[in-house]
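Breakdown of the fold
What follows is the residue order along each chain.
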Amino acid sequence: MSKLNWKLPLTLSILLFTLGTFAYWLEYNHKPKKEIEDEQSKKVFKLKEASFAQVKIEDGTKKFTLLCLSTKDPKLCKPNDHSEWEISEPTKLSADSTNVNSLLSTLQSLTSNETLDLSTETPEKKSALLKEYKLDSENIKTGSSRKVEINTVQGGKLVVYFGAAHPVGENIFTKIEGDDAHVYLIPSYFKSNFEHDLTYWRNKKLFSIESHEIEGFNIQSPKNKIQASRKDGKWTLRSAVDELPGDMDQVNSYLGSITGLSAKNFQNQDQNKVILENAKQALRLVLQFSEKGKTQLPLTLTLYEKKKLEKGSKTPATELLYAAVSNQKILFELDTSSLSKLNKGLKDLRMSKLLTSLERYTINRIELAGTPVDSIVLSQKDSQWSFSTGKKEVDQSKVQKLLDKLVNSKIEEFLESSKIPAGLQNGIQITLGDEKTHVKHQYVFWKLKDKLYAKDLLSKKKEAYELEHSFMDALPWSKDYFNKVPLVTAAPYNVAQKNAVKK
């Protein structure tokens, strides 16, 4: 028997392994790196890891300088972070961080569609081409070409000039300061960054406060007069005749509308009196703060409505809305829809649910009474509901459904005493309690035709509520509603039955 020669298979195996390893490296290591390098080579601004300390934008006589105020943190002053920005030129103002971040992202990702190499051209030809592209020293000096200057936190500086539009296609001739040998063609959409005015770059928010800082507010308008105050996390609303609990979700949404107010335009303070001439006060809103907060003195927001006459017409065609804030001398122009968002009444902000989310998980006792159910008491122990008397088992899902509806169903209409429909005496009375008290909430529910109504028996206010129709299915309209129905199992199908079927 001849001996096996292992040298050839071994050599082939080593060769295949080497080729496989190389192919893997080429596909998953070298190729991605090469693609990244190629992509980075097309970038006009080589700013992959840089932090922006300052950005200048110039378009002729129009100049804006944006400064990052968060340069001490190396992770900030980059696109889409939470850095603070300021306008230092043409005037000192807080900057709009959203619009600044948009600019930074554009600068960081801007790529050239094509690069023109002028290094092989004669000096005369190069000068002629740069002049044609409006990137020569004369155009740069006179301001005919646009300019972006970037200073990084790391100490780098980059100046890029934007010249004429390419005669074919949608591109702009661009060059970097200090490099006359290369001209880049970049997408024309970038020129929109030069077309913005000061309003675009400045911070348009009326307030630099957060919703949680507000401890109270007063609304005064021709239609509404409300005082609202927060204590122990709960809101109370007061009018000339009522005192009602506030709806946490509705009030928080309202406060969000206040703190999120944004101006569409700004007016020079010297012209405030002229602008507000013939304007009428539409709303006055006073915000109060905790003594422990950064803002302690009350702030007053006043909204004014004004009709604008079109040229050559005596009929007002446009409504304008202006806002004045007590701690600022600027007059803000707002979108007209802002008035309806802020001019809220008791009905808009009062509690519109029968049970809050926090209370829902403290309820451990439910007592039912009335004609449909007779008298039933449910109690909870170890997360399980049971009847206080009898051996019947409670359907846990139906109890949870009732509690969920009490929390999630919104009151659709508040009905005054004269409008309360008949049927209350034949309704279902539900009393909700917790560990401290057996009577924390008490309601009576009744239906008339296809509508559902409820009344708060603990409220002194003579009113009832019209509820969502879907709430009706969660209520116990019979005394066995909460009884758990046992599962019905089929009898075993034995051989004798099988043979009988065959015969």
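Quick look at the structure, then. Note that the coordinates shown come from a computational prediction; the quantities given were computed from them, not determined experimentally. (Residues numbered from 1 in each chain as written. Predicted model: local features only at pLDDT ≥ 70, side-chain atom pairs only at ≥ 80, totals over all residues. Heavy atoms only, no water.)

Looking at unusual backbone geometry
- The amide bond that connects E89 to the next residue, P90, takes the cis arrangement and shows omega of 15 degrees.
- Note on placement: P90 falls in the loop between β3 (85-89) and β4 (93-94).
- Of note in this structure, N278 is not a glycine but carries a positive phi near 70 degrees.
- Among the secondary structure elements, N278 is positioned in the loop between α7 (272-275) and β15 (280-289).
- The residue S383 is not glycine, and still its phi comes out positive at about 65 degrees.
- By the element assignment, S383 lies in the loop between β20 (374-381) and β21 (384-387). (Helix = DSSP H or I, 4+ residues; strand = E, 2+ residues; numbered from the N terminus.)

Digging into the sheet that holds strand β22 (residues 413-416)
- Ordered by their spatial adjacency, 8 strands build an open sheet running β21-β20-β19-β23-β24-β25-β26-β22, and the pairing between neighbours is antiparallel. Of all the strands in the sheet, the pair left with one neighbour each is β21 and β22. Here the strands of the sheet are splayed against their neighbours by 25 degrees on average, with no regard to which way each runs.
- Relative to strand β23 (residues 428-433), strand β19 (residues 365-370) runs antiparallel, the two sharing 5 bridges. Within β23, the position partnered with I366 by the bridge is L432.
- Strands β19, β20, β21, β23 and β24 (441-448) of the sheet are contacted by helix α11 (residues 396-408), whose axis makes an angle of about 105 degrees with β21. (Pairing = 2+ DSSP bridges. Axes fitted to C-alpha atoms, helices over the stretch in contact; angles between N-to-C directions. Contact = heavy atoms within 4.5 Å.)

As for the pairing of strand β2 (residues 62-68)
- Note that strand β1 (residues 52-59) and β2 share 6 bridges and pair antiparallel. Pairing of Q54 across the sheet is with L67, part of β2.
- In textbook terms, the turn of a hairpin is the stretch between consecutive antiparallel strands, and for β1 and β2 this stretch comprises 2 residues, one of which, G60, has a positive phi near 70 degrees.
- Sheet topology places β2 next to β3; 4 bridges connect them, and they run antiparallel. Residue pairing across strands places L67 opposite E86, the latter belonging to β3.

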